[in-house]
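# Working through the structure, step by step
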Amino acid sequence: MPISDLTNQSETSKKWSVADSENLYAVNQWGAGYFNISERGEVQVVVQNDQQNNSVSLLDIINGMKERGLEMPTILRIENVLDQRIKELNEAFLRAIDAAQYKGKYRGVFPIKVNQQCHVIEEIADFGQRFNHGLEAGSKAELIIALSQLRDHNSLIICNGYKDAEFVDLGLYATQLGIRCFFVLETPTELPIILERSAALGIKPFIGARIKSSVIVDGHWNENSGDRSIFGLSTSALLDVVEQLKDAKMLDCLQLLHCHLGSQIPNIRNIRSGVLEACRFYTGLINEGAPMGYLDLGGGLAVDYEGARTNSTHSMNYQLDEYCVNIVETIAESLDPLQITHPTIITESGRATVAYSSLLVFNVLDVRNHEPQPLPQALEESAHETLHNLFSVDTDVNSTNFQECYNDALYYRDEIRELFRRGQVGLRDRALADNITLSVLDKIAKILKNIDRVPPELANLPELLCDIYYGNFSLFQSLPDIWAIDQVFPVMPIHRLDEQPTREAIIADITCDCDGKIDRFISPQGIRNTLPLHALNQGEEYYIGVFLVGAYQETLGDLHNLFGDTNVVSVKINADASFDFVREFQGDSIADVLSYVEYDPKQMLEQFRRTAEQAVRDKKINASQRQTMLRAFKDSLQGYTYFEREQH
Ligand SMILES: *Cc1c(COP(=O)(O)O)cnc(C)c1O
């Protein structure tokens, strides 16, 4: 439905500016300085090079991709943004440590599960060296990634998750190589394996203990926090670990306390309580005789997806600096009275490190709107009586009788549908009834704009009448958390932002699954159910970006409808504001996704060849038609799984 109907006329008549788009899409709030809108009305990414800001329009990047044959949809990674996040995180901790005259160090580790993609980990390991930024591994595969990527021996490897003998051996070898690789105990039963392997290989392990915090975290992703957490040692299990280590005369290996409250913690108060409690456990272990030295506070540093700066689920009520100051001060204040040496502070920020650096871009393939077709002046005399009744509702509807007209229209429409089922009216009557009903609803929606108290029954009428923009992407592949946990991400067109968007829409993906849609959007007024978009221009692509998708989205994605991986492009912005495509990955071909589900593409081609050959023998097609078909089949197997525009 056109937005011009939704806002009052005096506002729409003044010229639309880029500033209006900034307000509408709240880009300066969620963009955190990395994204804004250029004077040309295009979203640009802003990065720092040698203290100066350089910006590059996303549309320029997309045009560069087009020239290289990289089609939509694409994940765009901005390498500089990833580097900048690591730098900002480390520098914020260093500032807080300096300000509080804290005696310990800070060591960040990146939890690999948050984005396992090779290029991301390589970049973190490479750029992170200057800050001794390490890696966190939750499985054997992730430990293998960490061991192969980490080049700096002052960085840490933290091993969480259940560890078998093979996992432990790998970690012990790392320790022997001089890497500080901690085994964090999730259960007391892991300890005997570690002690046994350590004795067998003659390598002393670094051991950490993960505790269950009793702090309940705000926000619905954190139902696992507090006593119900499925991870970590209960207090008595922690003491059991201490006893086992004492018996083995290896209590000196226990050097780290680990506490992860959960991801995306929107409220700074919860973080402070968590740190306070962790300090008590830390003190307790020192009193038990463990040397300690490391306090690992896990992840949880939030991302303000809404840009709202509140403690609601997709937001956060604190800034990075405040997070660091709170942690450093809380530790110092808890341990100083007990004269305990300040530990090295570790955090495992995943989301906050990588979310900003990736965005998904797709083109819009089609739009369906719910605008009624023009109605005839009058119905034919012979038309069904119910159609005549419905038609007069449309003629009569006004600002006093609209509620009654709403009920009448739906009543007559349903009656026509019933007659259709019984075979008493035909296809054209049914289509006409649907169209008249739409016309009535459209008129009512317009009336609702100008009244103060909308009847609850009609409140979501404008949403029912909004447009559907069909995007060339799979929600399940590229934005799984929208479907799985109702996550919201900033979504907006990346160009034409100097033009007023005139439509209200939801976005559907190409899976044809009714869950494959985006219908919750951020706005300065809070979450809303439709997004303002521009009407498509004939013969011109319309590009939409989904931002802050670098964390958790890329590997959780599944093969729903066999769309598979999208193209991925990594861009590095240079000091002169030019940019390079440092990496390009072709997304899955159809043959790729078929082989993931155990088909053999070669065999499939052979089977199709046999069918075609039989048809030649049966004289249904000739040999050259057979060739054309086989070529099309083969080309399709090699092609991109997403919608490809014809190349002329
Ligand atoms: C998932 C996870 C993290 C990452 O959390 P973020 O909120 O993304 O920073 C860190 N540590 C552990 C143990 C985790 O399971």
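All residue numbers here refer to positions counted from 1 along the written sequence of the relevant chain. With the structure being a predicted model, the display of local features is reserved for residues of pLDDT at least 70 and the display and counting of side-chain atom pairs for 80 or more, all residues being used for whole-chain, interface and lining totals. The basis for the side-chain values is all heavy atoms of the structure; hydrogens and waters are excluded.

### Here's the deal with the nonpolar core
As a reminder of what qualifies: Among the buried residues, those of types Ala, Val, Leu, Ile, Met, Phe, Trp, Tyr and Cys that are joined through side-chain atoms within 4.5 Å form a nonpolar core. Only protein chains enter the calculation, and the probe is 1.4 Å; a residue is then buried if its accessible area is under 20% of its type maximum, exposed if over 50%, and partly exposed in between. Here, two residues are considered to be in contact whenever any of their heavy atoms come within 4.5 Å of each other.
Counting 147 residues, the largest nonpolar core has Phe35, Leu76, Leu254, Ile331, Ile507 and Phe547 as its most contacted members. With residues up to four places along the chain from it excluded, the contact list for Ile331 reads Tyr102, Val275, Cys279, Leu295, Leu297, Pro343 and Ile345. Residues Ala433, Ile444, Leu458 and Leu461 belong to the second largest nonpolar core, which totals 25 residues.

### Quick word on the pairing of strand 14 (residues 467-471)
The test is simple: Put simply, DSSP H or I for four residues or longer makes a helix, DSSP E for two residues or longer makes a strand, and each gets a number counted from the N terminus. At least two DSSP bridges between two strands are needed for those strands to be called paired.
Where burial is concerned, most of strand 14 is hidden: 4 out of the 5 residues are buried. Sheet topology places strand 13 (residues 358-368) next to strand 14; 4 bridges connect them, and they run antiparallel. Paired with Val367 across the two strands is Tyr469, which belongs to strand 14. In this sheet, strand 16 (residues 503-508) lies alongside strand 14 in parallel orientation, the contact comprising 4 bridges. Following the sheet pairing, Asp467 is matched in strand 16 by Ala505.

### Things to note about the confidence of the model for the protein
Applied cut-off: pLDDT runs from 0 to 100 and stands for how confident the predictor is about each residue.
On average, the protein scores 92 in pLDDT, and the residues at 70 or more come to 96%. Within the model, pLDDT remains below 50 along residues 4-10, and this stretch shows 9 contacts once partners closer than five positions in the same chain are excluded.

### Focus: the packing of helix 7 (residues 140-149) against helix 8 (residues 165-176)
Quick reminder of the rule: Each axis is a line fitted through C-alpha atoms, and for a helix only the stretch in contact is used; angles between axes span 0 to 180 degrees, taken between their N-to-C directions. Roughly parallel here means an angle under 35 degrees, roughly antiparallel means over 145, roughly perpendicular means 65 to 115, and every remaining angle is called oblique. Note on convention: near helix rotated counterclockwise from far helix by under a right angle means a left-handed crossing. Clockwise means right-handed. Ten residue types, Ala, Val, Leu, Ile, Met, Phe, Trp, Tyr, Cys and Pro, are classed as nonpolar, four, Asp, Glu, Lys and Arg, as charged, and the remainder, Gly among them, as polar.
At a minimum axis separation of 10 Å, helix 7 and helix 8 run at an interaxial angle of 15°. Relative to helix 8, the element helix 7 is oriented roughly parallel. For the pair helix 7 and helix 8, the crossing hand works out as left-handed. On the side of helix 7, the interface is formed by Lys140, Leu143, Ile144 and Leu147, while helix 8 contributes Glu166, Phe167, Leu170, Gly171 and Ala174. Residue composition of the contact of helix 7 with helix 8, grouped by class: 6 nonpolar, 1 polar and 2 charged.

### A look at helix 4 (residues 58-67)
Heads up, the condition is: We call two N or O atoms a polar contact when they sit within 3.5 Å, provided that within protein one can donate a hydrogen and the other can accept it, with sequence-adjacent residues counted only if both atoms are side-chain atoms.
Taken as a whole, helix 4 has its buried residues at Leu58, Leu59, Ile61, Ile62, Gly64 and Met65. The N-terminus of helix 4 is capped by Ser57, whose side-chain oxygen sits 3.1 Å from the backbone nitrogen of Leu59. Trailing helix 4 by a residue or two, Gly69 shows a phi angle of about 75°, which is positive.

### What to know about the environment of Ala248
Among the secondary structure elements, Ala248 is positioned in the loop between helix 10 (235-247) and strand 10 (254-258). Taking relative accessible area as the criterion, Ala248 reaches 31% and is therefore assigned partly exposed. Separated by 56 residues in sequence, Ala248 and Pro192 place their C-alpha atoms 9.8 Å apart.

### Focus: the domain arrangement of the protein
We count it as follows: Domain ranges listed in this record stem from an automatic or a database domain assignment.
Here the protein is described as being made up of domain 1 (100-349), domain 2 (385-461) and domain 3 (591-637). Relative placement of domain 1 and domain 3: their C-alpha centres are 54 Å apart.

### Remarks on the site of the ligand
Applicable threshold: Definition of nearness: a residue and a molecule or strand are near each other if at least one heavy atom of the residue lies within 4 Å of the molecule or strand. Computed with a 1.4 Å probe, the accessible areas rest on the Shrake-Rupley method; for each residue, only the protein chains presented here act as cover.
The ligand sits among 16 residues. The nearest are Lys113, Ser263, Glu348, Gly350 and Tyr552. Taken by itself the ligand offers 390 Å² of open surface, and the protein chains cover 92% of this.

### Here's the deal with the sheet that holds strand 3 (residues 52-57)
Taken in spatial order, the 3 strands line up as 1-2-3 in an open sheet, and their pairing is antiparallel. Every other strand in the sheet has two partners, leaving strand 1 (35-37) and strand 3 as the edge strands with one partner each. Pairwise comparison of adjacent strand axes, ignoring direction, gives a mean angle of 40° for this sheet. Strands in contact with helix 4 are strand 2 (43-49) and strand 3; relative to strand 3, the strand with the most contacts, it is inclined by about 55°.

### Examining the environment of Ile327
In this fold, Ile327 is placed in helix 12 (residues 320-335). For the pair formed by Ile327 and Asp592, sequence separation is 265 residues and the distance between their alpha carbons is 47 Å. Apart from residues lying up to four places away in sequence, Ile327 is in contact with Phe93, Ile271, Val275, Leu297, Ile345 and Thr347.

### Quick word on the pattern of salt bridges
Opposite charge on two side chains permits them to pair, given that their charged atoms come into close proximity. Operational definition: Put simply, a salt bridge is a Lys or Arg side-chain nitrogen that is within 4 Å of an Asp or Glu carboxyl oxygen.
One pass over the structure, following the stated rule, counts 31 salt bridges. A salt bridge links Asp60 to Arg40; the shortest N-O distance between them is 3.6 Å. Of this pair, Asp60 sits in helix 4 while Arg40 sits in the loop between strand 1 and strand 2; the two residues are 20 residues apart in sequence, bridging distant segments of the chain. What makes Asp60 partly exposed here is its relative accessible area of 32%. For the salt bridge of Glu418 with Arg421, the shortest nitrogen-to-oxygen distance reads 2.9 Å. A residue pair is termed a helical-turn pair when its members lie 3 or 4 positions apart in one helix, as Glu418 and Arg421 do in helix 15 (residues 402-421) at 3 residues. Accessibility expressed as a relative area gives 29% for Glu418, which makes it partly exposed. With relative accessibility at 61%, the residue Arg421 sits in the exposed group. Overlapping salt bridges, with partners in common, bring together Arg40, Glu42 and Asp60 in one network.

### Observations regarding the packing of helix 14 (residues 385-396) against helix 16 (residues 427-449)
Pairs of packed helices are described in terms of their axes, by the angle between the two and the distance that separates them. The N-to-C vectors of helix 14 and helix 16 enclose an angle of 20°; their axes lie 9 Å apart at closest approach. Compared by their axis directions, helix 14 and helix 16 come out roughly parallel. Helix 16 is crossed by helix 14, and the crossing has left-handed handedness. Taken together, the residues of helix 16 that come into contact with helix 14 (itself represented by Leu387, Leu390, Phe391, Val393 and Asp394) are Asp429, Leu432, Ala433, Ile436, Thr437, Ser439, Val440 and Lys443. Grouping the constituent residues of the contact of helix 14 with helix 16 by class yields 8 nonpolar, 2 polar and 3 charged.

### A closer look at the packing of aromatic side chains
The description of an aromatic ring pair uses the distance of the two centres, along with the angle that the planes make with each other. For the record, the criterion: Centres within 6.5 Å make a pair out of two Phe, Tyr or Trp rings, where for Trp the six-membered ring is used; the pair is then stacked when the planes are under 30 degrees apart, edge-to-face when over 60, and tilted otherwise.
Taken as a whole and judged by the stated rule, the model has 19 aromatic pairs. Judged by centre distance (6.1 Å) and plane angle (20°), the ring pair of Tyr318 and Tyr323 falls under stacked. Here the two residues Tyr318 and Tyr323 agree in accessibility, since each one is buried. Clustering of aromatic rings is evident, with ring pairs tying together Phe93, Tyr106, Tyr318 and Tyr323.

### With respect to unusual backbone geometry
For the bond running from Met72 to Pro73, omega is -5°, close enough to zero to count as cis. Position of Pro73 relative to the elements: it lies in the loop between helix 4 and strand 4 (74-78). One non-glycine residue, Leu548, adopts positive backbone phi at about 60°. The phi dihedral of Lys619 falls on the positive side, at around 65°, and the residue is not glycine. Within the secondary structure layout, Lys619 lies in the loop between helix 22 (601-617) and helix 23 (623-638).

### Here's the deal with a nonpolar patch on the surface
What counts here: Patches here are clusters of residues that have more than 30% relative accessible area and form no salt bridge, with a 9 Å joining cutoff for like charges and a 5 Å cutoff for nonpolar side chains (Val, Leu, Ile, Met, Phe, Trp, Tyr).
A grouping of Tyr162, Ile230 and Phe231 is seen on the molecular surface, where their side chains present a nonpolar patch of about 330 Å² in accessible area. Structurally, the position occupied by Tyr162 is in the loop between strand 7 (156-159) and helix 8. According to the relative accessible area criterion, Tyr162 is exposed, its value standing at 52%.

### Notes on the sheet that holds strand 11 (residues 294-296)
Ordered by their spatial adjacency, 8 strands build a closed barrel running 5-6-7-8-9-10-11-12, and the pairing between neighbours is parallel. Going from strand to strand, the sheet's axes swing by 25° on average, the running direction of each strand aside. Pairing geometry for strand 7 and strand 8 (residues 180-185), over 4 bridges, is parallel. Residue pairing for strand 8: Leu156 is matched across the bridge by Arg180.

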